[in-house]
Amino acid sequence: MAGTSKLQIDPTTGLPDIHDFAEFGAALRNISKDDESHRFSDGMGELSTAIERVGKALSSQKRGSTVGPLLIDLLTSLRKHRQFVVGLSVTWRGLYEYASYLAALNNFRVLIGQWLVDRNISGDNEVVIEDFELIGWRTLGEGLMMIDMHEQALTQFNETSATVELDESRLARAKNWWGQLRGKDNPETRI
């Protein structure tokens, strides 16, 4: 789909320039246009905040009693956000990225559940920070891709709508002109 991304691009890599989950949430709010996009962005912002909390706890090597409740909070955020995503309008559900994002959310939920069960069985912190961050960024990246494609689709639709309206006005003027040439609109030329 033609269009340009509204994300800040790093000139050396050509990739979006986002360094942490907080910047990710801010980027989401900046690219959304309509109400549903804003709510989607807010939900992803909440999700990124929950991911950031778990990531900080894991990177400081906190164990069980700290990480477990944070994982449960993240799981709750994932369920809430997934419920919102399932209720999105047809303009979202028609996107190829929609199914990918739902799959990413579901996979992340399953992994968190697995980590919680493993932690309870072994009594240890089974979540590896690198694995967690990789899955978190991948999930949020799928959502970001979906928002970006939705915004591009809206822009393309609006441009196409403007062209169609222009074409319809041209058609009306052409019909009017043709009618005048044939004398149908001029009562004096009628026999």
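Reading the values: the criteria
- Residues numbered from 1 in each chain as written.
- Predicted model: local features only at pLDDT ≥ 70, side-chain atom pairs only at ≥ 80, totals over all residues.
- Heavy atoms only, no water.
- Helix = DSSP H or I, 4+ residues; strand = E, 2+ residues; numbered from the N terminus.
- Buried < 20%, exposed > 50% of the residue type's maximum accessible area, 1.4 Å probe, protein only.
- Core = buried A, V, L, I, M, F, W, Y, C linked by side-chain atoms within 4.5 Å.
- Contact = heavy atoms within 4.5 Å.
- Polar contact = N/O pair within 3.5 Å; in protein donor to acceptor, adjacent residues only side chain to side chain.
- Patch = residues over 30% accessible without salt bridge, like charges linked within 9 Å, V, L, I, M, F, W, Y side chains within 5 Å.
- Areas by Shrake-Rupley, 256 points an atom, 1.4 Å probe, with all protein chains shown as cover.
- Salt bridge = Lys/Arg side-chain N within 4 Å of Asp/Glu carboxyl O.

Caption draft 1: Up close: the environment of Asp42. One can find Asp42 in helix 2 (residues 35–59). Residue class for Asp42 comes out partly exposed when judged on its relative accessible area of 37%.

Caption draft 2: Expanded view of the nonpolar core. Counting residues in each nonpolar core, the largest one holds 32 residues, and the members touching the most others are Phe40, Leu74, Phe108, Ile112 and Phe132. Of all the secondary-structure elements, those providing two or more residues to this core are helix 2, helix 3 (64–86), helix 5 (96–122) and helix 6 (129–182). With residues up to four places along the chain from it excluded, the contact list for Phe40 reads His81, Phe84, Val85, Leu88, Trp92, Tyr101, Gly143, Met146 and Ile147.

Caption draft 3: Structural view of the side chain of His150. Positionally, His150 belongs in helix 6. Polar contacts involving the side chain of His150 include one to the side chain of Trp92, which spans 3.3 Å. Filtering out sequence-adjacent residues up to four positions away, His150 remains in contact with Asp34, Ser37, Thr91, Trp92 and Leu95.

Caption draft 4: Representation of a nonpolar patch on the surface. On the surface, a cluster of nonpolar side chains totalling about 390 Å² of accessible area is made up of Trp177, Trp178 and Leu181. Among the secondary structure elements, Trp178 is positioned in helix 6.

Caption draft 5: Local environment of the environment of Gln83. Inspection of the secondary structure assignment puts Gln83 in helix 3. Through-space distance from the C-alpha of Gln83 to that of Leu102 is 10.0 Å; in sequence the pair is 19 residues apart.

Caption draft 6: Seen up close, the pattern of salt bridges. All told, the structure shown has two salt bridges when counted by the stated rule. Between Asp35 and Arg39 there is a salt bridge, with the nearest N and O atoms lying 3.4 Å from each other. With Asp35 and Arg39 both in helix 2, this residue pair falls four residues apart, about one helical turn. What makes Asp35 exposed here is its relative accessible area of 54%. Judged by its relative accessible area of 42%, Arg39 is partly exposed. Between Glu46 and Lys80 there is a salt bridge, with the nearest N and O atoms lying 3.4 Å from each other. Of this pair, Glu46 sits in helix 2 while Lys80 sits in helix 3, and the two are 34 residues apart along the sequence. The class of Lys80 is exposed, set by a relative accessible area of 53%.

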